[in-house]
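Listed below, chain by chain, are the residues.
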Amino acid sequence: MRYVSTRGEARSVDFEGALFSGYAPDGGLFVPQEIPTLDYNTLRTWSAFSYPELVKELSSLFISSELIPRKELNDLIDSAFRRFRHNNVVHLARLKDGLNVLELWHGVTYAFKDLSLSCTGQFLQYFLKKRKKHITILVGTAGDTGSAAIESVRGENNMDIFVLLPKGLCSQVQELQMTTVIEENVHVFIADGNSDEIDESIKELFADADFARQHNLMSLNSINWSRIMVQIAHYFYAYFQCTPSMDMTPLPAVKIVVPTGAGGNLTAGYIAQKMGLPIRLVAVVNNNDIMHRAIQHGDFSFLGSVKPTLASAMDIQEPYNMERILWLLSDCDGSLIKTLMEQFYTSKNLTLPEEVQRKLSEALSSCSASDEDIVQAMRRCWEDNHYLLCPHSAVAVHYHYQQMDCHVSNRPRCCLAPASAAKFPDAVLRVKLVPEVPPDIQALKAMETRSTTLRREDDWAKTLRDRIEAIAMRRHT
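Residues numbered from 1 in each chain as written. Predicted model: local features only at pLDDT ≥ 70, side-chain atom pairs only at ≥ 80, totals over all residues. Heavy atoms only, no water.

*Asks:* Quick question: what am I supposed to make of the overall build of the chain here?
*Replies:* When its secondary structure is counted, the chain shows 20 helices and 13 strands. By the compact-globule yardstick of 23 Å for 477 residues, the chain fits well, its C-alpha radius of gyration being 21 Å. Taking the principal axes of its C-alpha atoms as reference, the chain extends roughly 65 × 50 × 45 Å. Within the chain, the fraction of its 477 residues that count as buried is 62%. The long-range share in the chain, meaning contacts at least 24 apart out of those at least 6 apart in sequence, stands at 75%. Summed over all atoms, the accessible surface of the chain reaches about 18,500 Å², with 47% contributed by carbon and sulfur. Charge separation in the chain, taken as the distance between the mean sites of 49 positive and 57 negative side-chain charges, equals 3 Å. (Helix = DSSP H or I, 4+ residues; strand = E, 2+ residues; numbered from the N terminus. Rg over C-alpha atoms; globule rule 2.2 N^0.38 Å. Buried < 20%, exposed > 50% of the residue type's maximum accessible area, 1.4 Å probe, protein only. Contact = heavy atoms within 4.5 Å. Areas by Shrake-Rupley, 256 points an atom, 1.4 Å probe, with all protein chains shown as cover. Lys, Arg positive; Asp, Glu negative; His and termini not counted. Charge placed at Lys NZ, Arg CZ, Asp CG, Glu CD.)

So, in structure tokens, the structure goes:
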């Protein structure tokens, strides 16, 4: 399996090359040169697999055995999931009126990012030990990616991680999960700005090819293919849990509702669909609705500033993984994607070509949810089931209730739940419910914290560059 850039001008790389990259050298994102397709018999066999077994099977399709032999790949994935609280790693909650909620948040930081990042951390260590090299990881976070990335690499002497989070725009729990990690290789910055502004500074460092090469820069945001690859398993597991039958021909479709910010999880779902999994995808967003507008009308444009919402990890107006989806929809036309994305990032304004928008709206449907919609979904789910949703999961469940109330389709639906309500006690209190706070989260409030402030007037990229160089110099003395 080789990986190529969505913009068509970078040399292809193997899985190791894609893993250790940020953006491709031409500014694009790495994608598999070919998407494997699965036949009916394979799907039937896989339907009996556990979630970890699905991750192993899928990973083996995208990582050659010459790079990681299958037995070692299995061991790495087993190691990745050892710290998960649920025996099955993920869990499907079957609730009233056909509401299925796939809990993806049973890892260390109570968010779905733990699933892909725990595996990615294992893959990194496998290659780093063989190559005997050091890497520098840059991560921008809207809330959950940062803590999961930190947990996947904390304490490792062959990597340093630099995490930037937006001041006042994460929940207190999310912020403390990052700032309370006191390790030599963990460097947390709190920036006076939003997630998209943070991403611009990170992109500036990756664009300096000499600096990126000198310090072995890489990303653990969902620009990293490994993140997308592991997340494909969510969709296979959700389908096998929710399909009414594996004995029908053709197999029945299941609708999967995906809370969407940067679009990494949605990209994984679209790849699962391309692999032959009979799913229908619904992208659900908050008031930052660029994905919704693109799917409905072809309007992929930035409208003003990012709007703070209850679903803060989805407060994103530049969903960079849309580039991967558009590449797949355009029959892998790197030249077209280069033109489209350069126009978007230059002008923040893009109308999708008619044919691309038609294919997009056929592949995905979408819905947006206001803060009031989120509150109502959280309250209704509690009243019906005594089940607490986080605000991001509530965006998906809002869609379920909307469809149910309108008597639209009795096709099975599965709502992906990206985080535990325990991470968002303020949102739970806003619904006039009582937060359930696990002891390990409660303990965060009494722990020492460490972070560096980035003021709005500072040159964030220069501050990061100086810190990276100073740490590298200290490492070599």
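*Asks:* What is the right way to look at the environment of Arg44 in this model?
*Replies:* Mapped onto the elements, Arg44 comes out in helix α2 (residues 40–46). Its relative accessible area of 39% is what places Arg44 among the partly exposed residues. Considering only alpha carbons, one finds Arg44 and Leu251, 207 residues apart in sequence, at a separation of 9.7 Å. Residues within four places of Arg44 in sequence aside, it is in contact with Met246 and Asp247.

*Asks:* So what exactly am I meant to see when it comes to unusual backbone geometry here?
*Replies:* The bulk of non-glycine residues show a negative phi, and the bulk of peptide bonds are trans. Here the residue pair Thr249 and Pro250 is connected by a cis peptide bond, since its omega of -5° sits within 30 degrees of zero. Looking at where Pro250 falls in the secondary structure, it is placed in the loop between α10 (225–242) and β9 (254–259). Positioned with a positive phi, Cys332 is a non-glycine residue whose angle comes to about 60°. With respect to the helices and strands, the residue Cys332 is situated in the loop between α13 (322–329) and α14 (334–347). Here the phi dihedral of Lys348 falls at roughly 60°; this positive angle occurs in a residue that is not glycine. Here Lys348 lies in the loop between α14 and α15 (354–363).

*Asks:* I keep staring at the sheet that holds strand β4 (residues 100–103) and nothing clicks. Help me out?
*Replies:* The pairing of strands in a sheet comes from backbone hydrogen bonds and takes either a parallel or an antiparallel form. In space, the six strands of this open sheet follow the order β3-β4-β12-β9-β10-β11, with mixed pairing throughout. With one partner strand each, in any of the chains shown, β3 (91–94) and β11 (364–368) form the two edges of the open sheet. Sheet twist, expressed as the mean angle between neighbouring strand axes with direction ignored, is 25°. Alignment of β3 against β4, held across four bridges, turns out to be antiparallel. Among the inter-strand pairings, Leu92 is bridged to a residue of β4, identified as Leu102. Against the sheet, helix α17 (residues 391–405) touches β4, β9, β10 (279–285), β11 and β12 (413–417), its axis set at about 160° to β12. (Pairing = 2+ DSSP bridges. Axes fitted to C-alpha atoms, helices over the stretch in contact; angles between N-to-C directions.)

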